[in-house]
Amino acid sequence: MTATNFSTENRTYRQLLGNGLTYRIPPFQRDYSWGEEEWEDLWLDIQSTLPADGEPAHYMGYLVLQTVDNRVFEVIDGQQRLTTLSLIVLAAMRLLKRLISSGVEAEANQIRLTQLRASYIGYLNPVTLMTQNKLSLNRQNDPYYRDYLVTLTDPLPQRGFPASTLTMRKAFEWFERRLNEYTRADSDQGRALAQFIETMSDKLFFTVITVADELNAYRVFETLNARGVRLSATDLLKNYLFSVLARGQQATGELEELERRWERLVGRLGSESFPDFLRMHWNSRYSFARQSELFKTIRSRIQSREAVFTLLREMDEDVDTYLALTQPEGSDWPSDWKISARELRLFSVRQPYPMLMAAKRRFAEQDFARLLRATVVISFRYNVIGSQHPGEQERLYHEVAKKIHEGTITNVHLALQALYPIYRSDAAFRADFAEKSIKTTQSRNARIVRYILSKLERQVGGIEFDQDSPAYTIEHILPQSPDAGWDAFSDRDIDSFIYRLGNMTMLESSRNKDAANKPFAQKRAIYKDSEFHLTKKLADEEEWTPERLAARQHEMARLATAIWRIDL
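1. Describing the nonpolar core
Phe274, Leu371, Phe380, Leu419, Phe433, Ile452 and Leu456 are the most contacted members of the largest nonpolar core, which has 99 residues in total. In terms of residue count, helix H16 (residues 365-385) provides more of this core than any other element does, twelve residues in total. Other than its neighbours up to four places away in sequence, phenylalanine 433 contacts Phe380, Ile385, Ile452, Leu456, Leu501, Gln553, Met556, Ala557 and Ala560.

Written as structure tokens, this is what we have:
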């Protein structure tokens, strides 16, 4: 281990299991969960390495381990892969055992069986038949693995075990069938089975990241997740909470209760969403913590059984609000609340979530509804149109969240006063809007433009329409690929004008096809027949020039200021 308590190296499966090293999956780590799709993918990956001209090696991804002595390693991430590879070895061993029982090359196959066990599984006591395994699974799966799979019980028991244990048994039998099909045509099946395992062990390799404690492991997870490698930071947090409870004298019942409540939470949120929820929850109550600091912050505060169950109780209190904000379609919120939550999601603005979670706990429903709507307006002015830096905004939202939680801010009026610094003034917002360009080649941007145009249309014409309907589309008055007839716009200026808000309008899809890249004089007749007020009004324009575009956008900015506003 280096001085930084962190090391990285590539190791084959054979190297991992050699030299007397042992691996333990923490007792309350996630159960075995791979299914046939993952089994099939792994099988095909292994098969690609078997021919003489096949792949020279196959990369198995990251393996995150924790150790204090470099002899015994806790598997923080990678337990599904390690367990499945062990099941493949055991499946080959049971096939060898059947060959021995049938008298097929019994002596040679017994040597192979013994060698595979010693190399990859562990030491089997000849008297007790108890094993000192190289790999120990979690508390749900290890008894079955140790007592039946490692001992090559035939047939395997099927009743009275957890669902994940039965999944593990199915995996073992699935690979056993595949191995038998792959090797049975060989004149020496025992040799072919042993060769399969040896080749697999030499050609599958991992990037092994070894850390000294949970904090370093969490930092590894954050670094890799930032690079697009999804790891189980949720499991790491879970393991820490379990370790706190396990220090007690009467821990068993509490551990089972924690597991039950934890699985319910993660089941509702999903393991990938859980770290985000936890940060939002934490920042709605306590000192501000960035994602990279969250585990350290929680570990410093949650150090007793009382603190663990307080955290669980408080998370239960907030999970419905978080889900309603992030997945409003499935919530039981009133329709106007759902609309506001969908708009925040459209804007990709998440900074207000801790404040809104605090307000949902503390405010009367009427005050919460008004704050939620005001947050949409602030986000539209500050983020969508103003493109202001979100750092100050996040800091202020947290300050307000903490004051709401502590009871210093008790109603929406006080909350809005506190948010005043991030509410763009009418003058600043009009100026931002009058110059705004949004490139609609990106699907999210196109949805935002449709949203803006639909709100403007309702303001001036009273027309309500489904902004996501394929019956309507965004019309670029100056076309994205203009033909002849657009001489008012120089080639140099075209790109800067096409995506200005003033150059866009809603139009029926059939009419949009007719308008296409035609000159403005021909488009006017099409616009005249549109049901949209802002589009129909374009027919009154004699020509379309940079000046007329700017004038239209200034008028749109005036309308927008009346739509997206709050009285502070």
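2. Thoughts on the confidence of the model for the chain
Here the chain averages 89 in pLDDT, while 92% of its residues score no lower than 70. Per-element averaging of pLDDT across the chain places helix H8 (residues 214-226) at the bottom with 61 and helix H15 (residues 353-362) at the top with 98.

3. Considerations on the pattern of salt bridges
In total, this model carries 40 salt bridges according to the counting rule given. Two residues, aspartate 147 and arginine 146, come together in a salt bridge whose shortest N-O distance is 3.2 Å. When the shortest N-O distance is used, the salt bridge between glutamate 464 and arginine 458 registers 3.1 Å. Note on glutamate 464: relative accessible area 58%, which makes it exposed. What emerges from the salt-bridge pattern is a single network uniting Glu257, Arg260, Arg261, Arg264 and Asp316.

4. Some remarks on the side chain of glutamine 553
Here glutamine 553 lies in helix H25 (residues 546-563). Owing to a relative accessible area of 0%, glutamine 553 belongs among the buried residues under this scheme. A distance of 3.1 Å separates the side chain of glutamine 553 from the backbone oxygen of alanine 434, its partner in a polar contact. Setting aside residues no more than four positions away along its own chain, glutamine 553 makes contact with Phe433, Ala434, Glu435, Lys436, Arg500, Leu501 and Gly502.

5. Structural notes on the packing of aromatic side chains
This structure, assessed with the given rule, holds 32 aromatic pairs. Note on tyrosine 472 and phenylalanine 532: the rings are 5.3 Å apart at their centroids and 75° apart in plane angle, and the pair reads as edge-to-face. Highlighted residues: tyrosine 472 in strand S9 (residues 472-476) and phenylalanine 532 in the loop between helix H23 (520-528) and helix H24 (533-537), separated in sequence by 60 residues. Across the pair, phenylalanine 532 and tyrosine 472 agree in class, each one buried. Pairing phenylalanine 520 with tryptophan 544 gives two aromatic rings, centres 5.9 Å apart and planes at 25°, and the pair type is stacked. Residue phenylalanine 520 is located in helix H23, and its partner tryptophan 544 is located in the loop between H24 and H25; the two are separated by 24 residues in the primary sequence. Neither phenylalanine 520 nor tryptophan 544 differs from the other in exposure class; each is buried.

6. Re helix H21 (residues 491-498)
The periodicity of an α-helix, 3.6 residues per turn, causes residues three or four places apart in sequence to face the same way. Restricting attention to buried positions, one finds in H21 the residues Ile494, Phe497 and Ile498. Down the axis of H21, the smallest arc covering the buried residues is 90°, so these residues share one side. Set apart from the buried face of H21 by more than 90 degrees, the exposed residues are Arg492 and Asp495. Where H21 is buried, its residues contact S9, strand S10 (504-508) and H25.

7. Some remarks on the packing of H15 against H16
Interaxial distance between H15 and H16 falls to 10 Å at its minimum, and their mutual angle equals 165°. Between H15 and H16, the crossing angle belongs to the class labelled roughly antiparallel. The crossing of H15 and H16 is left-handed. Contact residues: H15 offers Met355, Leu356, Ala359 and Lys360, while H16 offers Phe368, Leu371, Leu372 and Thr375. Residue composition of the contact of H15 with H16, grouped by class: six nonpolar, one polar and one charged.

8. Quick notes on helix H3 (residues 79-101)
Counted at 1.5 Å a residue, the expected span for H3 with its 23 residues is 33 Å, and the 32 Å between its end C-alpha atoms agrees. Within H3, 20 of the 23 residues are buried, leaving the element largely enclosed by the surrounding structure. Within two residues after H3, glycine 103 carries a phi angle of roughly 80°, on the positive side.

9. Things to note about the environment of glutamine 459
Structurally, glutamine 459 can be placed in helix H20 (residues 443-461). Sequence separation between glutamine 459 and glutamine 79 is 380 residues; the distance between their C-alpha atoms is 57 Å. Look past the residues within four positions of glutamine 459 in its chain and what remains in contact with it is Leu559, Ala562 and Ile563.

10. Quick notes on the pairing of strand S3 (residues 58-66)
Across the nine residues that make up S3, a large majority, seven, are buried. With seven bridges joining them, S3 and strand S8 (residues 204-211) adopt parallel strand pairing. Directly across from tyrosine 59, in S8, lies its bridge partner phenylalanine 205. What sits between the antiparallel neighbours S3 and strand S4 (residues 72-77) is a turn of five residues, in which asparagine 70 has the positive phi angle 60°.

11. Some words on unusual backbone geometry
In this model, aspartate 154 is joined to proline 155 through a cis peptide bond whose omega is 5°. By the secondary structure assignment, proline 155 is in the loop between helix H5 (142-149) and helix H6 (163-183). Positive phi is not limited to glycine here, since serine 348 has a value of about 60°. For serine 348, a relative accessible area of 48% gives the class partly exposed. The phi torsion at alanine 516 lies on the positive side, around 40°, for a residue other than glycine. The class for alanine 516 is partly exposed, based on a relative accessible area of 39%.

Definitions and cut-offs
- Residues numbered from 1 in each chain as written.
- Predicted model: local features only at pLDDT ≥ 70, side-chain atom pairs only at ≥ 80, totals over all residues.
- Heavy atoms only, no water.
- Core = buried A, V, L, I, M, F, W, Y, C linked by side-chain atoms within 4.5 Å.
- Buried < 20%, exposed > 50% of the residue type's maximum accessible area, 1.4 Å probe, protein only.
- Helix = DSSP H or I, 4+ residues; strand = E, 2+ residues; numbered from the N terminus.
- Contact = heavy atoms within 4.5 Å.
- pLDDT = per-residue confidence, 0-100.
- Salt bridge = Lys/Arg side-chain N within 4 Å of Asp/Glu carboxyl O.
- Polar contact = N/O pair within 3.5 Å; in protein donor to acceptor, adjacent residues only side chain to side chain.
- Phe/Tyr/Trp six-rings, centres within 6.5 Å; stacked < 30°, edge-to-face > 60°.
- Arc of directions from axis to C-beta.
- Axes fitted to C-alpha atoms, helices over the stretch in contact; angles between N-to-C directions.
- Parallel < 35°, antiparallel > 145°, perpendicular 65-115°, else oblique.
- Left-handed = near helix turned anticlockwise from the far one by under 90°.
- Nonpolar A, V, L, I, M, F, W, Y, C, P; charged D, E, K, R; others polar.
- Expected span 1.5 Å × (residues − 1).
- Pairing = 2+ DSSP bridges.

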